[in-house]
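Take a look at the letters that make up each chain.
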Amino acid sequence: MSDEKNIKASAGGDTLESFGYEQELNRVLGLPAVCLFGFAYLAPCTIFSYFGLINGSTHGMMSFAYFIATVAMLFTALSYRQMVKAYPIAGSVYNYTSRSINPSVGFLSGWVILLDYILLPMINYIIAAGFIPLILPGIPVWLDMIILIVIVTVVNLVGVKVMSTFDNIFIVIQFAFVLTAIVFAVKVIGQHDYSILDINGFINISEWSNVGLNGVVSGAAVLCLCFLGFDSVTTLAEEAKDPAKTVGRALLIITLCAGGLFVISTYLFQIAWPEGWRELDPDNGSYQLIGYLAGEFMATLLCWIMIIACLASAISSQASCARILYSMGRDHQLPNKVFGHVSKKYKVPDYNIIFIGIVSLLSIWISLDVGSTMINFGALLGFTMVNVSVFAHYWVREKNRGPAAVIKFIILPLCGVCVCMYLWANLGFWALVIGFIWLAIGVVVLVINKKKGNSLQL
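Considerations on the overall build of the protein chain
Step number 1: Of the regular secondary structure elements, the protein chain holds 21 helices and zero strands.
Step number 2: Taken over C-alpha atoms, the radius of gyration comes to 21 Å for the protein chain, in line with the 23 Å a tight globule of 458 residues would show.
Step number 3: Projected onto its principal axes, the C-alpha coordinates of the protein chain cover approximately 65 × 55 × 40 Å.
Step number 4: Here the protein chain, with 458 residues, has 58% of them falling under the buried criterion.
Step number 5: The contacts in the protein chain between residues at least 6 apart in sequence include a share of 82% that link residues at least 24 apart.

Thoughts on the nonpolar core
Step number 1: Core analysis: the biggest nonpolar cluster contains 151 residues, and Phe48 and Phe383 have the highest contact counts within it.
Step number 2: The biggest single contributor to this core is helix H8 (residues 103-135), with 20 residues.

Notes on unusual backbone geometry
Step number 1: With phi around 55°, Asp193 is a residue other than glycine that occupies positive phi space.
Step number 2: As for its position among the elements, Asp193 is in the loop between helix H10 (160-191) and helix H11 (208-223).
Step number 3: Using a relative accessible area of 71% as the deciding quantity, one classes Asp193 as exposed.
Step number 4: Backbone geometry places His332, a non-glycine residue, at a positive phi of 65°.
Step number 5: Relative to the assigned elements, His332 resides in the loop between helix H16 (296-330) and helix H17 (336-339).
Step number 6: The class of His332 is partly exposed, set by a relative accessible area of 43%.

What to know about the packing of aromatic side chains
Step number 1: Evaluation of the coordinates by the stated rule reveals 20 aromatic pairs.
Step number 2: Each ring, one from Tyr66 and one from Phe227, has its centre 6.5 Å from the other, and the planes form 65°; the classification is edge-to-face. Highlighted residues: Tyr66 in helix H6 (residues 62-86) and Phe227 in the loop between H11 and helix H12 (229-232), separated in sequence by 161 residues.
Step number 3: Judged by relative accessible area, which is 0%, Tyr66 ranks as buried.
Step number 4: On the basis of relative accessibility, which here comes to 1%, the residue Phe227 falls in the buried class.
Step number 5: Three or more aromatic residues joined by ring pairs make a cluster, and in this case those are Phe48, Phe51, Phe177 and Phe269.

What to know about helix H21 (residues 429-451)
Step number 1: Taking 1.5 Å of rise per residue, 23 residues should cover 33 Å, and H21 covers 34 Å from first to last C-alpha, within 8% of that figure.
Step number 2: Looking at H21, one finds that the buried residues are Ala431, Leu432, Gly435, Trp438, Gly442, Leu446 and Asn449.
Step number 3: Of the residues one or two after H21, Gly453 is the one with positive phi, at around 80°.

Re the pattern of salt bridges
Step number 1: A complete count under the given rule lists four salt bridges for this structure.
Step number 2: Arg330 serves as the salt-bridge partner of Glu238, at 2.9 Å between the closest nitrogen and oxygen. Of this pair, Glu238 sits in the loop between H12 and helix H13 (243-272) while Arg330 sits in helix H16, and the two are 92 residues apart along the sequence. Summarising the burial analysis for this pair, Glu238 and Arg330 share the class buried.
Step number 3: Between Glu239 and Arg323 there is a salt bridge, with the nearest N and O atoms lying 2.7 Å from each other. Here Arg323 lies in helix H16 and Glu239 lies in the loop between H12 and H13, a separation of 84 residues in the sequence.

What to know about the packing of helix H9 (residues 141-157) against helix H18 (residues 350-359)
Step number 1: Running from N to C, H9 and H18 point in directions that differ by 170°, and their axes come no closer than 10 Å. Relative to H18, H9 is oriented roughly antiparallel. Across from Ile149, Thr153, Asn156 and Leu157 in H9, the residues of H18 making contact are Asp350, Ile353, Ile354 and Gly357.
Step number 2: A class-by-class count of the residues in the contact of H9 with H18 yields four nonpolar, three polar and one charged.

With respect to the packing of helix H3 (residues 31-42) against H13
Step number 1: Orientation of H3 relative to H13, taken along the N-to-C sense of each, is 40°, at an axis distance of 9 Å. Of the possible angle classes, the one that applies to H3 and H13 is oblique. Crossing geometry of H3 relative to H13 is assigned as right-handed. In this structure, H3 uses Leu31, Val34, Cys35, Gly38, Phe39 and Leu42 to contact H13, whose residues at the interface are Thr246, Arg249, Ala250, Ile253, Ile254, Cys257, Ala258 and Phe262.
Step number 2: In the contact of H3 with H13, the residues fall into eleven nonpolar, two polar and one charged.

Points about the confidence of the model for the protein chain
Step number 1: Looking at the protein chain as a whole, its pLDDT mean stands at 84, while 92% of the residues score no less than 70.
Step number 2: Put simply, helix H1 (residues 3-11) is where the protein chain has its lowest mean pLDDT, 39, and H18 is where it has its highest, 93.

Structural notes on the side chain of Thr76
Step number 1: Checked against the element boundaries, Thr76 lands in helix H6.
Step number 2: For Thr76, a relative accessible area of 0% gives the class buried.

A closer look at the environment of Leu380
Step number 1: Relative to the helices and strands, Leu380 is located in helix H19 (residues 368-397).
Step number 2: With relative accessibility at 0%, the residue Leu380 sits in the buried group.
Step number 3: When sequence neighbours within four positions are dropped, the list of residues in contact with Leu380 reads Met73, Cys224, Cys420, Leu423, Trp424 and Leu427.

A short note on the environment of Ile271
Step number 1: In this structure, Ile271 sits in helix H13.
Step number 2: On a C-alpha basis, the gap between Ile271 and Ala185 in space is 8.3 Å, while along the polypeptide they are 86 residues apart.
Step number 3: Once residues lying within four places of it in the same chain are set aside, the contact partners of Ile271 are Ile189, Tyr194, Ser195, Ile196, Asp198 and Gly201.

As for the side chain of Thr384
Step number 1: Summarising the element assignment, Thr384 is placed in helix H19.
Step number 2: Thr384 has contacts with Val417, Cys420 and Met421, leaving out every residue within four places of it along the chain.

Cut-offs and rules
Residues numbered from 1 in each chain as written. Predicted model: local features only at pLDDT ≥ 70, side-chain atom pairs only at ≥ 80, totals over all residues. Heavy atoms only, no water. Helix = DSSP H or I, 4+ residues; strand = E, 2+ residues; numbered from the N terminus. Rg over C-alpha atoms; globule rule 2.2 N^0.38 Å. Buried < 20%, exposed > 50% of the residue type's maximum accessible area, 1.4 Å probe, protein only. Contact = heavy atoms within 4.5 Å. Core = buried A, V, L, I, M, F, W, Y, C linked by side-chain atoms within 4.5 Å. Phe/Tyr/Trp six-rings, centres within 6.5 Å; stacked < 30°, edge-to-face > 60°. Expected span 1.5 Å × (residues − 1). Salt bridge = Lys/Arg side-chain N within 4 Å of Asp/Glu carboxyl O. Axes fitted to C-alpha atoms, helices over the stretch in contact; angles between N-to-C directions. Parallel < 35°, antiparallel > 145°, perpendicular 65-115°, else oblique. Nonpolar A, V, L, I, M, F, W, Y, C, P; charged D, E, K, R; others polar. Left-handed = near helix turned anticlockwise from the far one by under 90°. pLDDT = per-residue confidence, 0-100.

And the structure:
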């Protein structure tokens, strides 16, 4: 693509025309709305979702695991930022790799990351359904999930502005709760005369020989799930004002703020309760943590907050997945009449939203641990391909050269590839097996598309 076209695309006015598309979605979102969408997707309260599980498996080194995950995501966020400048259109990984490397590679990259986009709403329903019985006992879990799925689907169907409003409200509530938990942790630290500057809050030295770096990295591989919101904002490129700048800035803001919050909060929680990792239940560890720090009332409030957090994340993840499917349907990589359809009234890919709502019913049968690791199979492979796309587009295609180009288009993306693949290799056995089965199905779909003459033409 020429520099002139890139400039036009960045301006937002001729974005889609520059790439051969029409503007069908509403371009109404500014930087605050895009950032809040990303925060809602990753859900600040997600640190409580995996607290018992990961704090136990890392023997109290959850803060270190979050640090590793943050570094991995920061490299990838920088690569996403470069790619959204080049291609400020919906489709995220699918479009970046299709246009910078090869349409077939792009399809498979989009296909593999669809696994985490499709599964994440289910994970939110599973987590929320685990908290609902604690405050509303007697309601069947399957009914809880169906009610949540209907709410999320309806919110997405009535338009991006309504979705954004819900996200804004939910995210403020979550941030307030996490900050309150941090205040209580500091209070407990003061009551016990613990040092607030203690390396054991980050690396549990006495347990290092029992866990080691691989054990912490395994925890970090799961915690990457907590960062999926930063890449979801790229799917809003056709609904964001001045997408090249807006989405690029949002990527870095979300990654750095979320990573800092996760690292600091889990560090303080570990100092406040040094032996908590031994005593926490993997499933209800967060409930025990808040009860220990702030009492029964706050622990009960956590249940309500987590339900709200799951709703916000499910709304955002369903919206993102619907737009990736829309991009692939628009390009005839999936049946266009279904996946490329846009509601004339609300300007949203309505068939995709309904489809994801139906698929989400599978959450009634999928377990949290299996679903979480399956999500990261697709996410980490997709993130790897975004890093590769930076090199392919800027260094190979655009022939950018010089010392700065070496750093931006070779060294930083290479670091992103290495960290993501290291984390990916530490996923569980069944996550890899199921992930490769999903990838194999994608290969079959790709072959069928080629035989039908539906290969993407760029």
